[in-house]
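Below, each chain spelled out in residue letters.
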Amino acid sequence: MKIDIISAVPESIEEYLNHSIIKIAREKGILNVKLHNLHDFSTNKWRRIDDYPFGGEPGMIIQCEPVFSCIEKLQEQTTYDEIIYLTPDGEVFNQQIANELSLKNNLILLAGHYKGIDQRVRDRLITREISIGDYVLTGGELPALVLMDAIVRLLPGVIGDVGSALNDSFQDDLLESPIYTRPAIFRDMEVPKVLLSGNHKEIEEWKYTQSLEKTKKLRKDLLEK
Ligand code: ADE
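Residues numbered from 1 in each chain as written. Predicted model: local features only at pLDDT ≥ 70, side-chain atom pairs only at ≥ 80, totals over all residues. Heavy atoms only, no water.

A.B. asks: Can you help me understand the site of the ligand in this one?
C.D. replies: If you check the shell around the ligand, you find L86, T87, P88, I130, S131, I132, G133, Y135, V136, L137, G139 and P143 and nothing else. In the model, a nitrogen atom of the ligand is placed 3.1 Å from a nitrogen or oxygen of the T87 main chain. One of the backbone nitrogen or oxygen atoms of G133 is found 3.2 Å away from a nitrogen atom of the ligand. Protein contacts shield 97% of the accessible area of the ligand, which totals 260 Å² for the unbound molecule. Looking at the shell around the ligand, the elements that each hand over two or more residues are β5 (82-92) and β7 (128-131). Looking at which element gives the most residues to the shell around the ligand, the answer is β5, with 3 residues. Split into classes, the residues belonging to the shell around the ligand amount to 8 nonpolar, 4 polar and no charged. (Near = heavy atom within 4 Å. Polar contact = N/O pair within 3.5 Å; in protein donor to acceptor, adjacent residues only side chain to side chain. Areas by Shrake-Rupley, 256 points an atom, 1.4 Å probe, with all protein chains shown as cover. Helix = DSSP H or I, 4+ residues; strand = E, 2+ residues; numbered from the N terminus. Nonpolar A, V, L, I, M, F, W, Y, C, P; charged D, E, K, R; others polar.)

A.B. asks: Got a minute to help me understand helix α6 (residues 141-152) in this structure?
C.D. replies: Each turn of an α-helix holds 3.6 residues, which means side chains three or four residues apart point in the same direction. The first and last C-alpha atoms of α6 sit 16 Å apart over 12 residues, in line with the 16 Å expected at 1.5 Å per residue. In terms of burial, α6 is largely enclosed, as 10 of its 12 residues are buried. Taken as a whole, α6 has its buried residues at E141, P143, A144, L145, L147, M148, D149, A150, I151 and V152. (Expected span 1.5 Å × (residues − 1). Buried < 20%, exposed > 50% of the residue type's maximum accessible area, 1.4 Å probe, protein only.)

A.B. asks: Sorry, what's going on with a nonpolar patch on the surface here?
C.D. replies: A cluster of nonpolar side chains, contributed by Y135, L137 and L142, occupies part of the molecular surface with about 300 Å² of accessible area. With respect to the secondary-structure elements, Y135 resides in the loop between β7 and α6. (Patch = residues over 30% accessible without salt bridge, like charges linked within 9 Å, V, L, I, M, F, W, Y side chains within 5 Å. Salt bridge = Lys/Arg side-chain N within 4 Å of Asp/Glu carboxyl O.)

A.B. asks: Sorry if this is basic, but what is going on with helix α3 (residues 64-77) here?
C.D. replies: In this model α3 runs 21 Å from its N-terminal to its C-terminal C-alpha over 14 residues, within 8% of the 20 Å that 1.5 Å per residue would give. For α3, the complete set of buried residues consists of C64, P66, V67, F68, C70, I71 and L74.

A.B. asks: Sorry if this is basic, but what is going on with the pattern of salt bridges here?
C.D. replies: Side chains that differ in charge, positive against negative, can pair when their charged atoms come close. If you walk through the whole model with that rule in mind, you get 16 salt bridges. Measuring nitrogen to oxygen at the nearest pair gives 2.9 Å for the salt bridge that ties D89 to R122. A residue pair is termed long-range when its members are at least 10 positions apart, and D89 in strand β5 and R122 in helix α5 (residues 119-124) qualify at 33 residues. Each of E82, E91, E100 and R128 takes part in a single network of salt bridges with overlapping partners.

Next up, the structure:
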């Protein structure tokens, strides 16, 4: 999979690419990530990419020109399955969207900054608008990383144990059951006996009941779905 991330502050993303799951996927050649600095596509000597909004609202808006130039240049080399704009007024990201996007080959993630981008970019270039939740962040860089992490861990070969990603919370609209490792007794706390029983059927039943109880308690909305 190829992911091109466009940002006004790509430096803020760079370090993360060299750690954890993203690093593993890149090293295995499963993921090719490229960062693109919007300021490189500015047409003025100050490398500015933003301007005041028409209509007199506060805040600054990313202009059309640098975004169009950047995306059109990328499109000369690659046909993209989705050009995604990270924005608090997009559809709310979830596991199903991560699953869907993990099946694509080429993605652009456009991180907004300041007050947002000119609507004409959204109208003409963007194919999907995604929010990571109902709160406003300073920019789309963290949301772009959130998306990329959630997508990349689903790519075949990235996580050694395929079952691990499939068992995640949300894959079946249930939260994951509690998990334990050695020692079986720590201070006065014992691991549930069933997990030590070796009885796989009973263990699966226990996990399912735990998942259900936890979901009922914390995320009733998932069960109602
Ligand atoms: N940019 C700022 N806030 C955001 C959010 N919640 N989701 C996606 N992009 C954003």
